[in-house]
Amino acid sequence: MPQFLWEQHCCLPLLHSARIADLARYPLGSYLSVNVGYSRQSTEDSLALLHKFRRDALGDGRFRLVERFADIRAADTISLAFDLEDSGPLGGDPDNLEMFYELGVRSMLPTYNHANAAGCGCLDPDDTGLTAYGRDLVRKQNEVGIFVDGSHCSRRTGLDLAECTGAPMIYSHSNFAALWAHPRNITDEQALACARTGGVIGVNGVGIFLGQNAIDGRAERVAAMAAHIEYGAELVGIEHIGIGSDYSFDAEDFNDMLTQDPGAFSDAYTKWGPLQWVPPEDLLGLNELPGLDAELAGRGFSAGDRAAVFGGNFARVAQQVWRD
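The protein is annotated in an unreviewed UniProt entry as Dipeptidase of Nocardia vinacea.

Structure (structure tokens):
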């Protein structure tokens with residue numbers, strides 16, 4: 001098993017009933033970026049969740065809140081930071097990024113699936129890319145030290161992010177459209193543009209974004225995740241590939257929402273039935289299935305390559321992008 005796991009995106013319920021303790025399914029020594037809002041959350045909503053998650057983490061000795069890069073890699077704790085999956089929780093004010101940074105947010109993407117004031121989402125039929133306001137956000141993210149994240153964005157918006165950013169950008173949890181033509185997956189052009197900024201693409205473990213064979217089977221999802229990592233490494237270089245599993249600790253609630261409001265996500269999300277994920281245990285081979293590390297080793301990835309994918313690459317760009 002890799003010595004260090006950097007999980008660039010996972011999801012607790014965006015509710016005050018969420019349990020920080022559930023994140024202990026990841027091993028001590030891990031770094032986790034936990035979502036605290038997307039297009040449905042207001043500034044007040046996301047701030048309330050941040051304060052709740054921070055308070056609960058401080059009361060549980062297994063977790064360490066990340067204030068600076070040096071807080072990461074403590075072997076006896078899980079390092080915890082946060083991300084925004086849409087710029088909506090900023091309330092239209094880029095200066096709010098400073099406040100969110102101080103509360104531990106280290107990554108933000110401008111749009112979630114559908115167009116907003118910052119740009120277009122991956123489910124928009126008309127793709128006009130990043131807006132002037134979106135470009136202002138990118139400049140402010142660079143200044144504050146928050147990752148510019150292209151996941152869920154439209155293809156043109158993703159390319160505009162790469163053009164506009166003055167620091168490495170990321171795709172926190174995105175797979176490759178060349179392997180599975182889902183609108184949430186990114187093109188080779190997007191991946192190459194991200195890599196040219198010095199950035200990293202975090203491959204996710206959601207069945208519908210991995211491929212037809214990965215929708216129903218756990219072992220198939222692990223193998224498909226490895227296939228996307230392998231493809232990405234060949235396309236942009238091993239140094240630009242990481243893990244952002246998008247694991248949902250609120251899977252039942254999320255699937256219920258898809259059933260009740262399918263128009264918010266389109267049939268690209270709903271036509272295969274309930275979403276399935278690769279959980280932390282299957283990433284790390286902590287149960288009866290061979291894990292992602294073993295699958296990658298079987299495909300010829302060296303120990304050094306696997307360490308880079310599981311943590312080293314995102315850690316490198318964080319040192320370049322984060323302010324502290």
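There's plenty left to go through after this.
A.B. asks: Honestly, the overall build of the protein in this entry has me stumped. Any pointers?
C.D. replies: A tally of helices and strands in the protein yields 12 helices and 10 strands. Taken against the 2.2 N^0.38 rule, which gives 20 Å for 324 residues, the C-alpha radius of gyration of the protein at 18 Å falls within 12% of a compact globule. For the protein, the spread of C-alpha atoms along the three principal axes comes to 45 × 45 × 40 Å. Of all 324 residues assigned to the protein, the portion counted as buried reaches 62%. Long-range contacts, defined as pairs at least 24 residues apart, comprise 71% of the intrachain contacts of the protein with a sequence gap of at least 6. Looking at the protein as shown, the accessible area adds up to about 11,800 Å², and 48% of this sits on carbon and sulfur atoms. Each charge sign in the protein was given a centre, from 25 positive and 45 negative side chains, and these centres are 4 Å apart.

A.B. asks: How do you make sense of helix α5 (residues 188-196) when you look at a structure like this?
C.D. replies: The periodicity of an α-helix, 3.6 residues per turn, causes residues three or four positions apart to be oriented the same way. Those residues of α5 that sit buried are Gln 190, Ala 191, Ala 193, Cys 194 and Ala 195. Along its buried surface, α5 packs onto α4 (155-164), β7 (170-171), β8 (200-203) and α7 (218-236). Positioned one or two residues after α5, Gly 198 has a phi angle of 95 degrees, which is positive.

A.B. asks: I keep staring at the environment of Val 321 and nothing clicks. Help me out?
C.D. replies: By secondary structure assignment, the location of Val 321 is in helix α12 (residues 303-321). Along the chain, Val 321 and His 182 lie 139 residues apart, while their C-alpha atoms are 29 Å from each other. If we ignore the near neighbours within four places in the chain, the residues touching Val 321 are Gly 145, Ile 146, Phe 147, Ala 167 and Pro 168.

A.B. asks: Sorry, what's going on with unusual backbone geometry here?
C.D. replies: Both trends apply: most residues other than glycine have a negative phi, and most peptide bonds are in trans. Backbone geometry at Arg 73 places phi at a positive 80 degrees, although glycine is not the residue there. One can find Arg 73 in the loop between β3 (63-65) and β4 (78-84). The class of Arg 73 is partly exposed, set by a relative accessible area of 47%. One non-glycine residue, Asp 246, lies in the positive phi region at around 65 degrees. Residue Asp 246 is classed as buried on the basis of its relative accessible area, which comes to 10%.

A.B. asks: So what exactly am I meant to see when it comes to the pairing of β4 here?
C.D. replies: Regular strands place side chains that alternate from one sheet face to the opposite one. Burial analysis of β4 places 7 of its 7 residues in the buried class, which makes it a mostly covered element. A two-sided burial pattern is seen for β4, the buried positions comprising Ile 78, Leu 80, Phe 82 and Leu 84 on one face and Ser 79, Ala 81 and Asp 83 on the other. Relative to β4, strand β2 (residues 31-35) runs parallel, the two being bridged by 5 bridges. Looking at β4, one finds that Leu 32 is bridged to Leu 80.

Parameters at a glance
Residues numbered from 1 in each chain as written. Predicted model: local features only at pLDDT ≥ 70, side-chain atom pairs only at ≥ 80, totals over all residues. Heavy atoms only, no water. Helix = DSSP H or I, 4+ residues; strand = E, 2+ residues; numbered from the N terminus. Rg over C-alpha atoms; globule rule 2.2 N^0.38 Å. Buried < 20%, exposed > 50% of the residue type's maximum accessible area, 1.4 Å probe, protein only. Contact = heavy atoms within 4.5 Å. Areas by Shrake-Rupley, 256 points an atom, 1.4 Å probe, with all protein chains shown as cover. Lys, Arg positive; Asp, Glu negative; His and termini not counted. Charge placed at Lys NZ, Arg CZ, Asp CG, Glu CD. Pairing = 2+ DSSP bridges.

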